[in-house]
Amino acid sequence: MKVIIDSSKNIASRAADLYEEVLNRKPDAVLGFATGSTPLELYAELIARVQNKRISFQNVTTFNLDEYVGLEPTHNQSYRYFMDHNLFQSIDLDPAKVHIPSGLKIGQEELDAYEAAIAACGGIDMQLLGIGRNGHIGFNEPGTPFGALTHKVRLTESTIEANSRFFATKDEVPKEAVTMGIRTVMNARRLILIALGDSKAEIVAKTVNGPVTEEVPASVLQLHPDAYIFADEEAAKYL
Ligand code: PGA
C-alpha cells in the first residue's frame, strides 16, 4: 500500500494526477467511482481538468460501487443522482457508458449482470473508494466475506447513522443497498482510497497497520498490488 498524507486540496490534485496518467495511457479506461462527501474535491478537480482540456472522459466506461435499495434514480439521495450532479453532467462522458447498480431491480440476475458487464469491459482499471467509520468500502460492512461479488446488503446502524445527515430523518435512510463485493473491488487493477477528517482516524490506523480481517473490510487493501491510501492530517493522526 502506498500511504500518502497531505491536505485535502493536495489529495484532490494528486489523485487527479493518477486519473490523468491513466487517461493519457488508456483513453478508453474503465473507471470505478464512489459517492459520499470524500470524493467531492477530487470530482471538482476532474471537472476543472476536463474544462481545461487536460483530460477527456469521452471514451471512458464507468462503474459505480453501490446504490441504495428502493430509491428511484431521480431521488436526490440516490447515488445515480449524486454522480450525475457532482461529476457526470459536467464532464464529457458518454451516458451510455455509465453503470450504476440499480436500486430497484435487485434480483440475482441483475447482480450477476453487473459483474458480467465489468468483465465484458475488461475489468476496472482504477477504482476510487471512500471508507466508512466502521471500515466499510462500498457498502461492504464488517464481516462481509472477502470473496463476495456484487450483492445486496443490510446497512449497519453505524452506516445508517452516518448517512442520516443527508436525509430529513433517520427513518428515511434506506436499510439496504446493492454494492460491488470485496472481490469485485480487489479485482480492479489500481485502487485509490481517500480518507478525510478526524472521524476516520481510528479506522485508517486499523486499515493500514492492523491485521487483514473481514471485520475491517478496508484492511484487505494491504493485499492489493497497487493500492493508494490518501489521508489528510486528521485522518492520519494515529499512523
Ligand atoms: P463519506 O462516506 O465520504 O461521506 O465519509 C464514505 C463511505 O461511507 O464510504
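(A) The pattern of salt bridges, seen in detail. Under the criterion given, the structure shown has 17 salt bridges. Between Glu176 and Arg154 there is a salt bridge, and its shortest N-O distance comes to 3.7 Å. Here Arg154 lies in strand β7 (residues 151-154) and Glu176 lies in strand β8 (residues 176-179), a separation of 22 residues in the sequence. With a relative accessible area of 58%, Arg154 lands in the exposed category.

(B) Structural detail: a nonpolar patch on the surface. Together, Met1, Val3, Ile5 and Leu239 line one region of the surface with nonpolar side chains, adding up to about 290 Å² of accessible area. Among the secondary structure elements, Val3 is positioned in strand β1 (residues 2-5).

(C) Inspection of the environment of Arg183 at higher detail. Turning to its location among the elements, Arg183 is positioned in helix α6 (residues 182-186). Residues Arg183 and Gly36, 147 residues apart in the sequence, show an inter-C-alpha distance of 21 Å. What Arg183 contacts, discounting residues up to four positions off in sequence, is Phe146, Gly147, Ala148 and Leu149. A distance of 3.4 Å separates a polar atom in the side chain of Arg183 from the backbone oxygen of Gly147.

(D) Here's a closer look at the side chain of Glu20. Along the polypeptide, Glu20 turns up in helix α1 (residues 8-25). Its relative accessible area of 16% is what places Glu20 among the buried residues. Setting aside anything within four residues of it in sequence, one finds Glu20 in contact with Arg49, Arg54 and Ile55.

(E) Seen up close, the sheet that holds β8. Strand order in the open sheet made by the 3 strands is β4-β8-β7, with antiparallel pairing throughout. Two strands close off the open sheet at either side, each with one partner strand: β4 (66-68) and β7. This sheet shows a mean twist of 25° between the axes of neighbouring strands, independent of strand direction. Two strands pair when backbone bridges link them, and β7 and β8 are joined in this way by 4 bridges, in the antiparallel orientation. Looking at β8, one finds that His151 is bridged to Thr179.

(F) The arrangement of helix α7 (residues 201-209) in detail. Regarding α7, the residues found buried are Ala201, Ile203, Val204, Ala205, Thr207 and Val208. Structurally, α7 contributes buried residues whose contacts are with β1, β9 (190-195) and β10 (227-231).

(G) How the structure looks around the packing of aromatic side chains. Counted under the stated rule, the structure contains 9 aromatic pairs. Pairing Tyr68 with Phe139 gives two aromatic rings, centres 5.7 Å apart and planes at 40°, and the pair type is tilted. With Tyr68 in strand β4 and Phe139 in the loop between β6 (126-129) and β7, this residue pair connects regions lying 71 residues apart in the sequence. The class for Tyr68 is buried, based on a relative accessible area of 1%. With a centroid separation of 5.8 Å and an interplanar angle of 80°, the aromatic rings of Tyr68 and Phe167 are classed as edge-to-face. In this pair, Tyr68 is assigned in strand β4 and Phe167 in the loop between α5 (157-163) and β8, connecting sequence segments 99 residues apart. The residues Tyr68 and Phe167 share a single accessibility class, namely buried. For Lys2, the ring lying beneath its charged end belongs to Tyr228, and the centroid distance is 4.8 Å.

(H) Region of the structure containing the nonpolar core. In terms of nonpolar packing, the biggest core is built from 63 residues, with Leu31, Phe33, Tyr43, Leu46 and Phe57 touching the most fellow members. Sort the elements by how many residues they give to this core and α1 lands first, with 7 residues. Residues contacting Tyr43, with those up to four places away along its chain left out, are Phe33, Ala34, Phe82, Met83, Asn86, Leu87 and Leu128. Tyr79, Phe139, Val153 and Ala177 belong to the second-largest nonpolar core, a separate cluster that totals 10 residues.

(I) How the structure looks around the site of the ligand. As a structural note, the neighbourhood of the ligand is formed by Gly36, Ser37, Thr38, Gly130, Ile131, Gly132, His136, Arg165 and Lys200. Here Arg165 contributes a side-chain N or O atom positioned 3.0 Å from an oxygen atom of the ligand. Protein chains bury 83% of the 280 Å² of accessible surface belonging to the ligand in isolation. The residue inventory of the shell around the ligand, partitioned by class, reads 1 nonpolar, 6 polar and 2 charged.

About the criteria used
- Residues numbered from 1 in each chain as written.
- Predicted model: local features only at pLDDT ≥ 70, side-chain atom pairs only at ≥ 80, totals over all residues.
- Heavy atoms only, no water.
- Salt bridge = Lys/Arg side-chain N within 4 Å of Asp/Glu carboxyl O.
- Helix = DSSP H or I, 4+ residues; strand = E, 2+ residues; numbered from the N terminus.
- Buried < 20%, exposed > 50% of the residue type's maximum accessible area, 1.4 Å probe, protein only.
- Patch = residues over 30% accessible without salt bridge, like charges linked within 9 Å, V, L, I, M, F, W, Y side chains within 5 Å.
- Areas by Shrake-Rupley, 256 points an atom, 1.4 Å probe, with all protein chains shown as cover.
- Contact = heavy atoms within 4.5 Å.
- Polar contact = N/O pair within 3.5 Å; in protein donor to acceptor, adjacent residues only side chain to side chain.
- Pairing = 2+ DSSP bridges.
- Axes fitted to C-alpha atoms, helices over the stretch in contact; angles between N-to-C directions.
- Phe/Tyr/Trp six-rings, centres within 6.5 Å; stacked < 30°, edge-to-face > 60°.
- Lys NZ or Arg CZ within 6 Å of the ring centre and 35° of its normal.
- Core = buried A, V, L, I, M, F, W, Y, C linked by side-chain atoms within 4.5 Å.
- Near = heavy atom within 4 Å.
- Nonpolar A, V, L, I, M, F, W, Y, C, P; charged D, E, K, R; others polar.

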